Structure formats: structure tokens, C-alpha cells
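For reference, the chains in residue letters:
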There are 2 protein chains.
Amino acid sequence: MRIGELAKRAGTTTRALRYYEQLGLLPARRAGNGYRAYGEEDVRLLRQIRTLQDFGFGLEETRPFVECLQAGHPHGDSCPASLEVYRKKLSELDECIARLQEVRSQVSEQFARAERERDALAAGAAAEPPQCEWAASAAPDRNTGER
Amino acid sequence: MRIGELAKRAGTTTRALRYYEQLGLLPARRAGNGYRAYGEEDVRLLRQIRTLQDFGFGLEETRPFVECLQAGHPHGDSCPASLEVYRKKLSELDECIARLQEVRSQVSEQFARAERERDALAAGAAAEPPQCEWAASAAPDRNTGER
DNA sequence: GTAGACCTTGACGCCGACGTCAACGCCAGT
DNA sequence: ACTGGCGTTGACGTCGGCGTCAAGGTCTAC
């Protein structure tokens, strides 16, 4: 199988595959004409990479999984190093989610405050003109303007 | 006030300030010698920028807030454009948090499965030797190995 | 023999928010 | 006069994961 077919079968691009090879993540045999030659096993490796990437794993984080498969294990996560990456990622996710939730609540609070202040001004602007009429008749000398 | 002092007072670097100026985000007057000259108002602008950045806002997203302050409003979020950015950011945050939680649950599931399989293998390896003793006395001909 | 579809390497571009370095100017203190 | 500490502009580097282009080689079909 050549690079274009592998790319298509794994839903990625030839450029990505060349990049993975450059990282030593997905090495390729070479055909006589210099073309990269891949086997069925490489489809599994590549799909493992893509799956983890969809989860937000960086390419280096997928390496233990790929090496685990290359070593002949049934799954990419059959090896301790992969489990360790899982653990690390889970704690990263927890931390990240907590941080985002904290940020969300703060932004939400700011937003609510800003809207309250806007509404207070709008209410003031809407309430004062009538009040001005009242003020104009009751206290005609208070016309020098506020603020 | 010169650039170094402003940077210190807002907890950032001179490089960042020059970058903001380059973006037109935080323009500076110039002293006779060519040095940038900042006023007290710029401290407020800069702190607004930094606060929003800590919330994960991109610099362009802080622009409406900064312009709002520059226009003389009491807060950076006293203007409609700023409120709109708040809304957009809140929905981005919600989407992002939801995505991360989904990913977290999937990774967690994979992790649990991988650990179960590892334990199953370990239990098999640990359970078989004793079983072999038992099997050796009760059924001496079943010693050709399993799997 | 030639068009077209594939492949090769190499190199630069991109995004954001600066870091870092070079080479220089300005100013205060001793 | 000289040192040290500020400032200036300009330019390149960083990180990840490729996209995109250039200039060519290879193979197949007509």
C-alpha cells in the first residue's frame, strides 16, 4: 500500500504521514522505486494515532500506544506506559475542566454585573425625563445638568 | 511613566507592551527623547487586558473593552460590543467544557477497559500456577499448556 | 509518446503572544 | 570619561501539526 491509499483509509493526508515518519512515529518500508510501502498493520497504528488525537492527545503522547502495537500487543493500551499516559491525560483533563468552569463562573459573574449596570443606566435614563418634568416644575433652577 | 515602570505595575513585560502598541491596542505618546510615555489611565487599560487574558480571552477579544475604557466609560464592559464578547466567550466556554467532559468520559472508559484486561491477564498468570499444582495431581495429563 | 495521477525531497508559511538577541541611543552618577 | 541602567527599532525563534508550493521522478493507460 502506498502513502495516498493509507492516508485515505485512515482519513488523513499524505503530508501528515510524512510528518509522522519524520518523528519516527510511523516508519515506512520503501519499495524499489523509493515509494513508501505500508502494510495492513500500519492502518491499525495510524488509526490508533488518529483516535488519540481526536481525544486531544499530542503526537508524542500517542507514541507509547503506537510502540505497544508495534511490539505485537493486542491493543495500544496493553502496555504500562500507555496506561500512564491515560492517567496523566485524565488528570490534565480534570484540571483543565475545573479551570474552565472557574473561568466560566467568573466571566458569567462579570457579564451579569455589566448587564445590571447597563439596565440601571437605561432605567435611569428612562425614568429621569419624566422626573425632569416633575423636577422642572418643582425645582426650576436645577437645570445646570448632572455629571 | 516609561515602559518599564508600566510593565512592572501591571505585571507584564516591556516586550508585551510594545506588541500591544504594534496591534494598536495600547498606543503610547512619545517623550521628546523618543521614549514611550504612559499615563495612569494606561495602567487601567493594561490591567483590563491582563485580566481578560487570564480568563483566556485573545488579545483581539480584549479590544472592545479597551476601546470602551478609552472612550471614557466607567468599565471596560460598559459597552455593547464588550457584552457581545462576553456572550460569545460564555458559549465558547460551554462548548469547550462539554467537549472536554465528553472526552474525559471516553478516555476514562478506555482506561478502565485497559486496566481490566491487564488485570485479567495478571490474574490468569497468577491463578494458573496454583491451578497447575491442583491440575497436576488431579489431572496429570493436562500439562500441555493453555491458550 | 504523452498525458495524468501518483510519488519524492526540500523549504517556507501559518497561528498567537510574545522571548531573545543585536546594535544602538539617552541619561544619571561617580 | 566611563559605567550601568534604562530606552529604541528590527529581526529571527518558539511551539504543534501540519498546509502549500516547487521541481522533479515513476508508472499506467491510451
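Details of the structure are given in the entry above.
Quick caveat, the model's predicted, so the values are computed rather than measured.

Caption draft 1: Spotlight on the overall build of chain A. On a plain count of helices and strands, chain A comes out with 5 helices and 2 strands. In chain A, the order of α-helices and β-strands from amino to carboxyl end is α-α-β-β-α-α-α. Counting over 147 residues, chain A shows a buried share of 34%. Long-range contacts, defined here as pairs at least 24 residues apart, represent 47% of the contacts in chain A between residues at least 6 apart.

Caption draft 2: Local environment of the relation of the copies chain A and chain B. Of the transformation placing chain A onto chain B, the axial shift is 0.0 Å and the rotation is 180 degrees, giving an RMSD of 0.1 Å. On the angle and the small slide along the axis, the relation comes out as a two-fold axis. No C-alpha of chain A approaches the rotation axis more nearly than that of Ile97 of chain A, which lies at 3.0 Å. Both copies present the same face, since 100% of the interface residues in chain A are matched by interface residues at the equivalent positions in chain B.

Caption draft 3: Local environment of the protein's contact with DNA strand D. Among the 20 residues in the neighbourhood of DNA strand D, the closest are listed as Tyr35 and Gln53 of chain A together with Gly4, Arg18 and Arg36 of chain B. Within 4 Å of the protein, atoms of DNA strand D come from sugar and phosphate in 66% of cases. Measuring from a phosphate oxygen of DNA strand D, one finds a side-chain N or O atom of Gln53 of chain A at 2.6 Å. Within the side chain of Arg30 of chain B, a nitrogen or oxygen atom sits 3.1 Å from a phosphate oxygen of DNA strand D. Counting residues per element, the ones that place at least two in the surface near DNA strand D are helix H2 (14–22) and helix H3 (40–54) of chain A together with helix H1 (3–10) and helix H2 (14–22) of chain B.

Caption draft 4: Examining the state of the cysteines more closely. Under the criterion given, the structure shown has 2 disulfides over all chains. Each disulfide pairs two cysteine sulfurs, and for Cys68 of chain A the partner residue is Cys79 of chain A, the sulfurs being separated by 2.1 Å. Taking the sign of the S-S torsion, about 85 degrees here, the bridge from Cys68 of chain A to Cys79 of chain A comes out right-handed. Separated by 11 residues along the polypeptide, Cys68 of chain A in helix H4 (residues 59–70) and Cys79 of chain A in the loop between H4 and helix H5 (80–138) bring together distant segments of the chain. Cys79 of chain A matches Cys68 of chain A in its accessibility class, with the two residues each being buried. Looking at Cys96 of chain B, it has no disulfide partner, and the nearest cysteine sulfur is the one in Cys96 of chain A, 6.2 Å off. Residue class for Cys96 of chain B comes out partly exposed when judged on its relative accessible area of 22%.

Caption draft 5: Quick look at the nonpolar core. Core analysis: the biggest nonpolar cluster contains 30 residues, and Phe57, Tyr86 and Val107 of chain A together with Phe57, Tyr86 and Val107 of chain B have the highest contact counts within it. For this core, the elements supplying multiple residues, two or more each, are H5 of chain A together with helix H5 (80–138) of chain B. Discounting chain neighbours no more than four positions away, the residues touching Phe57 of chain A are Leu52, Thr62, Phe65, Val85, Tyr86 and Lys89 of chain A together with Val107 of chain B.

Procedures and definitions
Residues numbered from 1 in each chain as written. Chains lettered and ligands numbered in written order. Predicted model: local features only at pLDDT ≥ 70, side-chain atom pairs only at ≥ 80, totals over all residues. Heavy atoms only, no water. Helix = DSSP H or I, 4+ residues; strand = E, 2+ residues; numbered from the N terminus. Buried < 20%, exposed > 50% of the residue type's maximum accessible area, 1.4 Å probe, protein only. Contact = heavy atoms within 4.5 Å. Least-squares fit on C-alpha atoms with pLDDT ≥ 70 in both. Near = heavy atom within 4 Å. Polar contact = N/O pair within 3.5 Å; in protein donor to acceptor, adjacent residues only side chain to side chain. Disulfide = S-S within 2.5 Å. Core = buried A, V, L, I, M, F, W, Y, C linked by side-chain atoms within 4.5 Å.

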